[in-house]
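# Fold and contact review
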Amino acid sequence: SQTIHQWPATLVQPVGSPLSLECTVEGTSNPNLYWYRQAAGRGLQLLFYSVGIGQISSEVPQNLSASRPQDRQFILSSKKLLLSDSGFYLCAWRGASGEKLFFGSGTQLSVL
Amino acid sequence: GENVEQHPSTLSVQEGDSAVIKCTYSDSASNYFPWYKQELGKRPQLIIDIRSNVGEKKDQRIAVTLNKTAKHFSLHITETQPEDSAVYFCATYSENTGFQKLVFGTGTRLLVSP
């Protein structure tokens, strides 16, 4: 069966520090991968998605970037965090020909 | 692009009552409609979904109905229990994004009081 791993679960970072969040999927090949952000009490904002290695689509201009160095690995990064980058970050995947989207357990990021 | 509107934003019911959450969408080519439940601090979890060739789908106390003509779909929860309290999101894919991205509604906070 397929599983998705996302870490860390919580992260507290100072303003101006770098960020790297990692997500990996097991049990499937060539998945579509997604990064969402959720502000406290708010909806799901799509940040990036990828349909293959090295293929990244950015949804909103911002202080973040994403990379997909391997088929089942998706990384969210920032060189310098802003206060506004605080939020709940969720990685998600679906099969290349599937419809169902499954979320990782999320990372609660607090930028202070 | 696809636009998904979700109502109400908050819903309070007594335990045992029914709850209905409605979403409308704009892309007539949309053909897949999932519902997610998100408990506080947890990931959204897929609880039920429906494809456009079906008008209704039921799974125990939850059901989803789809009206393609009116372009709306609804989540129905019967005999609500306190553990149903959560935020619920509807979603759908859009043809103009190649059906690659789920567009989510803004969420409904359901509170079930004992």
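Heads up: the structure comes first, above all this text.
The paragraphs below set out a description of the structure included in this document. (Residues numbered from 1 in each chain as written. Chains lettered and ligands numbered in written order. Predicted model: local features only at pLDDT ≥ 70, side-chain atom pairs only at ≥ 80, totals over all residues. Heavy atoms only, no water.)

With that out of the way, let us pick up the sheet that holds strand 8 (residues 73-78) of chain A. All names here are of chain A. With respect to topology, four strands assemble into an open sheet ordered 1-3-8-7, the strand pairing being antiparallel. One side of each edge strand has no neighbouring strand; the edge strands of this open sheet are strand 1 (3-7) and strand 7 (65-70). Taken over all neighbouring pairs, the strand axes of this sheet differ in orientation by 20° on average, direction set aside. Both strand 1 and strand 3 (residues 19-26) contribute to a ladder of five bridges, which runs antiparallel. If you follow H5 over to strand 3, its bridge partner there is T24. (Pairing = 2+ DSSP bridges. Helix = DSSP H or I, 4+ residues; strand = E, 2+ residues; numbered from the N terminus. Axes fitted to C-alpha atoms, helices over the stretch in contact; angles between N-to-C directions.)

Listed per partner, the contact involves 23 residues of chain A and 20 residues of chain B. Summed over both partners, the interface of chain A with chain B buries about 1,700 Å², with 51% contributed by carbon and sulfur atoms. Of all residues in chain A, L44(A), E99(A) and F103(A) bury the most surface against chain B, accounting for 33% of the area lost on that side. Put simply, chain A and chain B have three salt bridges between them. The salt bridge involving R51(B) is made with E99(A); its shortest N-O contact spans 2.7 Å. The interface formed by chain A and chain B holds twelve residue pairs in polar contact (both at pLDDT 80 or more) in total. Secondary-structure elements contributing two or more residues to the side of chain A that touches chain B are strand 4 (32-38), strand 5 (45-52), strand 9 (87-94) and strand 10 (102-103) of chain A. Looking at side-chain class alone, the side of chain A that touches chain B contains twelve nonpolar, six polar and five charged residues. (Contact = heavy atoms within 4.5 Å. Buried area = accessible area lost by both parts, 1.4 Å probe. Salt bridge = Lys/Arg side-chain N within 4 Å of Asp/Glu carboxyl O. Polar contact = N/O pair within 3.5 Å; in protein donor to acceptor, adjacent residues only side chain to side chain. Nonpolar A, V, L, I, M, F, W, Y, C, P; charged D, E, K, R; others polar.)

Next up on the list: the state of the cysteines. Residue and element names in this part refer to chain A. All chains considered together, the criterion is met by two disulfides over all chains. Paired through a disulfide, C23 and C91 show a sulfur-sulfur distance of 2.0 Å. On the S-S bond that ties C23 to C91, the torsion sits near -75°, and the link is left-handed. Residue C23 is located in strand 3, and its partner C91 is located in strand 9; the two are separated by 68 residues in the primary sequence. (Disulfide = S-S within 2.5 Å.)

Of the consecutive residues W7(A) and P8(A), the connecting peptide bond is found in the cis state with omega at 0°. In this structure, P8(A) sits in the loop between strand 1 and strand 2 (10-13). Following H7(B), the chain continues to P8(B) via a peptide bond in cis, the omega torsion being -5°. Even without glycine at this site, Q60(B) takes up a positive phi of about 55°. In this fold, Q60(B) is placed in the loop between strand 6 (56-59) and strand 7 (62-67). Residue Q60(B) is classed as exposed on the basis of its relative accessible area, which comes to 71%. Even without being glycine, E79(B) reaches a positive phi, approximately 45°. For E79(B), the location among the structural elements is in the loop between strand 8 (72-77) and strand 9 (86-93). (Buried < 20%, exposed > 50% of the residue type's maximum accessible area, 1.4 Å probe, protein only.)

With that settled, the discussion passes to the sheet that holds strand 1 (residues 4-7) of chain B. Residues and elements named next belong to chain B. Read across the open sheet, the five strands follow the order 1-3-8-7-6; overall the sheet is antiparallel. A strand with exactly one partner marks an edge of an open sheet, and here the two such strands are strand 1 and strand 6. Across this sheet, the average inter-strand angle for adjacent strands is 15°, counted without regard to direction. Of the pairings in the sheet, the one linking strand 7 to strand 8 comprises six bridges and is antiparallel in character. Residue pairing in the sheet places N67 in a bridge with H72 of strand 8.

What follows concerns the pairing of strand 5 (residues 45-51) of chain B. All names here are of chain B. With six bridges connecting them, strand 4 (residues 32-38) and strand 5 associate as antiparallel partners. Within the sheet, the bridge partner assigned to Y32 lies in strand 5 and is R51. Following strand 4, the chain reverses through six residues before pairing antiparallel with strand 5; G41 in that reversal takes a positive phi of roughly 75°.

A few words now on the pattern of salt bridges. Scanning all chains against the criterion turns up eight salt bridges over all chains. The residue K101(B) makes a salt bridge to E59(A) at a minimum N-O spacing of 2.7 Å. In this pair, K101(B) sits in the loop between strand 9 and strand 10 (102-104) while E59(A) sits in the loop between strand 6 (55-58) and strand 7, so the two residues belong to two different chains. The exposure class assigned to K101(B) is buried, which follows from its relative accessible area of 13%.

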